[in-house]
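Now for the letters of each chain:
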Amino acid sequence: MSNLQLIIEERPTIVGNFMVGRLLPFRDKRTVGPFAFIDHMGPEFLSAEENFDVPPHPHIGLSTLTYLFDGSIMHKDSLGSEVEIQPGAVNWMTAGNGIVHSERTPERLRHEPKSLHGLQIWVALPKHLEHMEPEFFHVDAEAIPCWETAGVQFKLIAGEAFGRKSPVPVYSPLYFIEIKNTEKQTIKIGDDLFGESALYILEGAIESEGNFYEPKQILIAKDAKLCEFTMQPNTTVYIFGGEAFAEERFIYWNFVASSHERIEAAKQRWTNQSFPKVPGETEFVPLPEPKSGFRPKQ
């Protein structure tokens, strides 16, 4: 019997002035554990006249995880944080009851050719923490646990697995793992996983139960404990998941919540511009028309 529950393909979506590949949410699978949203950015090559610019916009009820493979993004938020995100580092911003941030090409790169490639991820907060005060943490690449087993490289970007713990301060049981190889290798890690689990193929290919899967796909497992697959040479995959929440999570635009009422209140706050401001920024992304944003259900 197959352990594969669902295959999700990337769908092209515009974010700001940038094309991304959307993976979550999907109509048949809204979340994987606490993971509620994943965008694959790039790889995109920008000229000296082009820049990545997402003006200030709000979030509630989630933590954002930004992880770059290439390029740089300047993060600024309403807490006063101002950090340049570089490859391998983790930006972990927890919105709680409300935060605003912008993401742009750093000033030092705005007038030269550049590239950008990475993942933008939202992790929903447990219900009892949806009202928490916002927080921001930046973890340098050197602080992320990395190790090699039988020629396969592992990195625990967030959460706990393999008896290790990432320094990223998550708020529910989860894991976000990078696995890279150079030679063909069979991987069996089900005993180290829990809750709901999914695998994203960034590059290369994997074989599972006689079938081959290639980049820009998420494979959802029926049972995390049965996670076994063969990586073809020079493959990179990301395994993510964790304990699912008892309550459904609703998404509208940049808002994640366990109730429609919280989302409606956040929409009104943003329309009234009563969220906190990002210091030094006057632009903002307006609330989209209903047909442009995420519906609470699809």
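Residues numbered from 1 in each chain as written. Predicted model: local features only at pLDDT ≥ 70, side-chain atom pairs only at ≥ 80, totals over all residues. Heavy atoms only, no water.

## Examining the sheet that holds strand β17 (residues 185–188)
Put simply, the test is: Here, any two strands with at least 2 DSSP bridges between them count as paired. Strands here mean DSSP runs of E at least two residues long; helices mean DSSP runs of H or I at least four residues long; both are numbered from the N terminus. Lines fitted to C-alpha atoms define the axes, with helix axes restricted to the stretch in contact, and inter-axis angles between N-to-C directions lie between 0 and 180 degrees.
Strand order across the open sheet formed by four strands is β17-β22-β19-β20, with antiparallel pairing between neighbours. Each end of this open sheet is capped by a strand with a single partner; those strands are β17 and β20 (211–213). With direction set aside, neighbouring strand axes in the sheet form an average angle of 30°. Bridge count between β17 and strand β22 (residues 228–231): four bridges; the pairing is antiparallel. Directly across from I187, in β22, lies its bridge partner F229.

## Here we look at the sheet that holds strand β10 (residues 99–104)
Strand order in this open sheet of four strands is β5-β10-β7-β8, and the pairing throughout is antiparallel. Since the sheet does not close on itself, it has two edges, and those belong to β5 (53–59) and β8 (82–85), each with one partner. With direction set aside, neighbouring strand axes in the sheet form an average angle of 20°. Judged from the four bridges that link them, strand β7 (residues 73–77) and β10 form a sheet pairing that is antiparallel.

## What about the packing of aromatic side chains?
Test applied: Pairing of aromatic rings covers Phe, Tyr and Trp, the last counted by its six-membered ring, and requires centre-to-centre distances within 6.5 Å; plane angles under 30 degrees mean stacked, over 60 mean edge-to-face, and any other angle means tilted. Think of it in three bands: residues with accessible area under 20% of the maximum for their type are buried, residues over 50% are exposed, and the middle band is partly exposed, with areas taken using a 1.4 Å probe on protein chains only. Criterion for a charge above a ring: Arg CZ or Lys NZ at most 6 Å from the ring centre, at most 35 degrees from the ring normal.
Within the structure shown, the criterion is met by 16 aromatic pairs. Centre to centre, the rings of W253 and W270 are 6.4 Å apart; their planes meet at 50°, and the pair counts as tilted. You can see W253 sitting in the loop between β24 (250–252) and β25 (255–257) and its partner W270 sitting in helix α1 (residues 260–271), a full 17 residues away along the chain. For the pair W253 and W270, one class covers both residues: buried. Chaining the aromatic ring pairs together yields one cluster made of F35, Y67, F69, F176, Y238 and F240. A cation sits over an aromatic face here: K267 above Y252, 4.3 Å from the ring centre.

## Some words on the environment of N211
Its location among the elements puts N211 in strand β20. The class for N211 is partly exposed, based on a relative accessible area of 39%.

## A word on the environment of F245
Keep this limit in mind: Whether two residues are in contact is decided by their heavy atoms: any pair within 4.5 Å suffices.
Topologically, F245 is positioned in the loop between β23 (236–242) and β24. Along the chain, F245 and P126 lie 119 residues apart, while their C-alpha atoms are 7.0 Å from each other. F245 has contacts with P34, A124, L125, P126 and S172, leaving out every residue within four places of it along the chain.

## A short note on unusual backbone geometry
The amide bond that connects G42 to the next residue, P43, takes the cis arrangement and shows omega of 5°. Relative to the elements of secondary structure, P43 occurs in strand β4 (residues 35–46). Although it is not a glycine, A150 sits at a positive phi angle of roughly 50°. Following the sequence through the fold, A150 ends up in the loop between β13 (146–149) and β14 (152–161).

## What about the nonpolar core?
The condition is simple: Nonpolar cores are built from buried Ala, Val, Leu, Ile, Met, Phe, Trp, Tyr and Cys residues. Side-chain atoms within 4.5 Å join them into one set.
Among the nonpolar cores identified, the biggest contains 24 residues, and L65, V90, I121, F176 and F240 are the most heavily contacted of them. The contacts of V90, once residues within four sequence positions are left out, are L65, T66, Y67, F137, H138, V139, I144, I157 and V168. Formed by 22 residues, the second largest nonpolar core is a distinct cluster that contains I179, L193, L199 and I206.

## Regarding the pairing of β23
Of all seven residues in β23, seven are buried, a share of seventy percent or more. Residues of β23 alternate between two faces, with T236, Y238, F240 and G242 on one and V237, I239 and G241 on the opposite face, all of them buried. As paired elements, strand β16 (residues 174–180) and β23 share seven bridges and run antiparallel to each other. Note on β23: the bridge partner recorded for L174 is G242. Pairing of strand β18 (residues 196–203) with β23 involves seven bridges; the strand directions are antiparallel. From the neighbouring strand, L199 faces β23, where its bridge partner is I239.

## Describing the side chain of S63
Basically, it comes down to this: A 3.5 Å cut-off defines polar contacts: any pair of N or O atoms within that distance qualifies, except that in protein one atom must be a possible hydrogen donor and the other a possible acceptor, and neighbouring residues in sequence count only when both atoms are side-chain atoms.
Among the structural elements, S63 can be located in strand β6 (residues 62–70). When its relative accessible area of 1% is taken as the criterion, S63 is described as buried. One polar contact links S63 to T94, side chain to side chain, over a distance of 2.8 Å. Excluding residues within four positions of it along the chain, S63 makes contact with W92, M93, T94, I121, W122, V123, L125 and Y171.

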